[in-house]
Amino acid sequence: MTSDDNCAPDDETTTKNAIALAAALRPLLTEHAARCERERQIPGEVLKALRESGLFNLAKPMRCGGPGAPLMTLIEVAAELGKGCVGTAWSYNILCATTGAAAALPPWISKAIFTTGEELVCGVLTPSGKAVQVEGGYRVSGSWTFASGCMHADWALCGVQVLDAEATVIDSGMVPMPIGPEGVSIRDSWNVAGVCGSGSHTLLANDVFVPQECAALKSQAPTEAQLLGIPELEPRDRWPFSAVLPLAIIGPLLGAAEAILDTVVSNAGRRGLTYWLYPTQSASEVVLEQIGEAATVIGAAWQLVRRSAHDVDSLAQTRVLTFQERARIQADCGYAAHLLRSAAETLMNIAGASAFANDNALQRLWRDLNVGSRHAFLNTRPSMELLGRALTGREPNNQFY
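Residues numbered from 1 in each chain as written. Predicted model: local features only at pLDDT ≥ 70, side-chain atom pairs only at ≥ 80, totals over all residues. Heavy atoms only, no water.

### What to know about the layout of surface pockets
Defined as follows: Using a 1 Å grid laid over the protein atoms alone, points where a 1.4 Å probe fits but cannot get out form a cavity; open sets with protein on both sides within 12 Å along at least 5 of 7 lines form a pocket; any residue with an atom within 4 Å of a point counts as lining. Grid points are joined across faces, edges and corners, and a volume is the space filled by probe spheres set on the points. Each helix is a run of DSSP H or I of at least 4 residues and each strand a run of E of at least 2, with the numbering of both proceeding from the N terminus. We call Asp, Glu, Lys and Arg charged. Ala, Val, Leu, Ile, Met, Phe, Trp, Tyr, Cys and Pro are nonpolar, and the rest, Gly among them, are polar.
Estimated volume of the second largest pocket: approximately 260 Å³. Elements with a contribution of two residues or more to the lining of the second largest pocket: α10 (285-313) and α11 (323-351). A per-class count over the lining of the second largest pocket returns eight nonpolar, eight polar and one charged.

### Notes on the pattern of salt bridges
Pairing of side chains with opposite charge becomes possible as their charged atoms draw close. Note the following rule: Put simply, a salt bridge is a Lys or Arg side-chain nitrogen that is within 4 Å of an Asp or Glu carboxyl oxygen. Only protein chains enter the accessibility calculation, which uses a 1.4 Å probe; a residue whose area is less than 20% of its type maximum is buried, one above 50% is exposed, and one in between is partly exposed.
Going through the model one piece at a time under the given rule, you end up with 16 salt bridges. Across the salt bridge formed by Asp 332 and Arg 328, the nearest N and O atoms sit 2.8 Å from each other. Placement of the pair is Asp 332 and Arg 328 together in helix α11, with a separation of four residues, close to one helical turn. The class of Asp 332 is buried, set by a relative accessible area of 5%. Through salt bridges that share partners, Arg 307, Asp 311, Arg 328 and Asp 332 make up one connected network.

### Some words on the packing of helix α1 (residues 11-31) against helix α3 (residues 44-53)
Rules: Orientation is described by axes fitted as lines to C-alpha atoms, over the contacting stretch for helices, and by angles from 0 to 180 degrees between their N-to-C directions. Here the angle decides the label: under 35 degrees means roughly parallel, over 145 means roughly antiparallel, 65 to 115 means roughly perpendicular, and every other value means oblique. Residue contacts are defined here by distance: any two heavy atoms, one from each residue, within 4.5 Å place the two residues in contact.
The interhelical angle for the contact between α1 and α3, taken along N-to-C directions, is 170 degrees, at an axis separation of 10 Å. The orientation of α1 relative to α3 falls into the category roughly antiparallel. The segment α1 lies against α3, with Leu 21, Leu 25, Leu 28 and Leu 29 engaging Glu 45, Val 46, Ala 49, Leu 50 and Ser 53. When the residues that make up the contact of α1 with α3 are grouped by side-chain class, the tally is seven nonpolar, one polar and one charged.

### Here we look at a nonpolar patch on the surface
To keep it simple, the criterion reads: In this scheme, patches are assembled from residues that exceed 30% relative accessible area and form no salt bridge. Like charges are connected within 9 Å, while nonpolar side chains (Val, Leu, Ile, Met, Phe, Trp, Tyr) are connected within 5 Å. Using a 1.4 Å probe, the Shrake-Rupley method yields the accessible areas, and only the shown protein chains count as cover for residues.
Taken together, the side chains of Val 132, Val 134 and Phe 209 present a nonpolar region at the surface, about 200 Å² in accessible area. Inspection of the secondary structure puts Phe 209 in strand β6 (residues 201-211).

### As for helix α13 (residues 380-391)
Rules: To estimate how far a helix should reach, multiply one less than its number of residues by 1.5 Å.
The end-to-end C-alpha separation of α13 is 17 Å, in line with the 16 Å expected for 12 residues at 1.5 Å each. Looking only at α13, the buried set comprises Thr 380, Ser 383, Leu 386, Leu 387, Arg 389 and Ala 390. Considering only its buried residues, α13 is in contact with α11. Backbone geometry just downstream of α13 places Gly 393 in the positive-phi region, at approximately 75 degrees.

### Here we look at the environment of Val 134
When you line up the elements, Val 134 lands in strand β1 (residues 121-134). The exposure class assigned to Val 134 is partly exposed, which follows from its relative accessible area of 34%. For Val 134 and Phe 209, which are 75 residues apart along the polypeptide, the C-alpha to C-alpha distance reads 9.0 Å.

### So, empty space enclosed by the protein
Tallied over the entire structure, the rule returns four cavities of 30 Å³ or more. As a volume, the largest cavity reaches approximately 70 Å³. Taken together, Arg 51, Gly 54, Phe 56, Asn 57, Lys 60, Gly 117, Glu 118, Glu 119 and Leu 120 make up the full set of residues lining the largest cavity. Looking at the lining of the largest cavity residue by residue, the classes come out as two nonpolar, three polar and four charged. Looking at the second largest cavity, its volume works out to about 50 Å³. Glu 224, Leu 227, Leu 228, Arg 238, Pro 240, Ala 316, Arg 319, Val 320 and Leu 321 together form the lining of the second largest cavity.

### A closer look at the pairing of β1
This is how the line gets drawn: The rule for pairing is simple: two strands pair if DSSP sees at least two bridges between them.
Relative to strand β3 (residues 155-163), β1 runs parallel, the two sharing eight bridges. Bridged to Gly 123 within β3 is Leu 157. Where β1 and strand β2 (residues 137-147) come together, six bridges link them in antiparallel fashion. Bridging across to β2, Ala 131 finds its partner in Val 140. Connecting the antiparallel pair β1 and β2 is a turn made up of two residues, with Gly 136 showing a positive phi of about 85 degrees.

Next up, the structure:
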């Protein structure tokens, strides 16, 4: 999936092609979903197919061989993959987004990472590492938890605090480090109830040298207003960082909810209600009402996400989003997560106790949705508070605002 560097991307064509590719992969993801959960990483056959599809390049800018896809396309593709396997979709989603972010860094950084063009990059924003200034660069040590996709990544982009020779914090930022003997190692730490296949283990660095020119420091980053004044930049270069964070992870969860709905609807015409005098579930008006309600709730979650993604893809290309607008995006995503969990609960009530059997895909989707939707970037109540603060002129309660 590449675009001619001299041509503007056709967003509609890019989106349709990408979603079609993801839909074609869905049966393969479904087939290997149980294995993905068991092995806590994307199975080899699935990873190979994802690489060959070109979908890992979806978030790359056109200048680096990507299609210049809108953020909404990334969300829709992740949702389509999530219908087949949430663990795979989550890992793919993080790898795609972080690889795209790494490719969009200044060329002297991205060229150090992408020597073949096929590299995949995982990342953790939390500045839990220390980068000590030395001659020519930094010595980096630390640990970064929840590094989704790290089992398949070639590089890690990790948050650090920058220290001078006296151990005083003088800056913060992100540093790229190779995964392997010369860089970061992986500690097996991802033992959870859901989204097991994301392989979100812990990254470890012990005195890894990072050249000075490869560090992406906060003090050197252009402001959103400055980015608007650089005409040669692409739309993805102007995505507001804080607004992208929740939108970049919600796609697989939208897919999980839709997959649960699809399964319950397809079963309603042939499954009965144990002990109740209905030939099928669909003969019960109560069940039909619940299905309709769940479908509407999932649709409402989609609308919140689409509204927010539109602000990033369109409005943020013309001006800097206000605190209130960015807070609403966070609130939209946090509430969408709540809606998806609510719809899943309704649908699992219809599916009944048998849906929680270990060999039933519904229980895996339900667990994945419940765990994934509790990611810190989708925390519903603090997200509501953030919006309330924006509306009433209070200071933000989030470090990224």
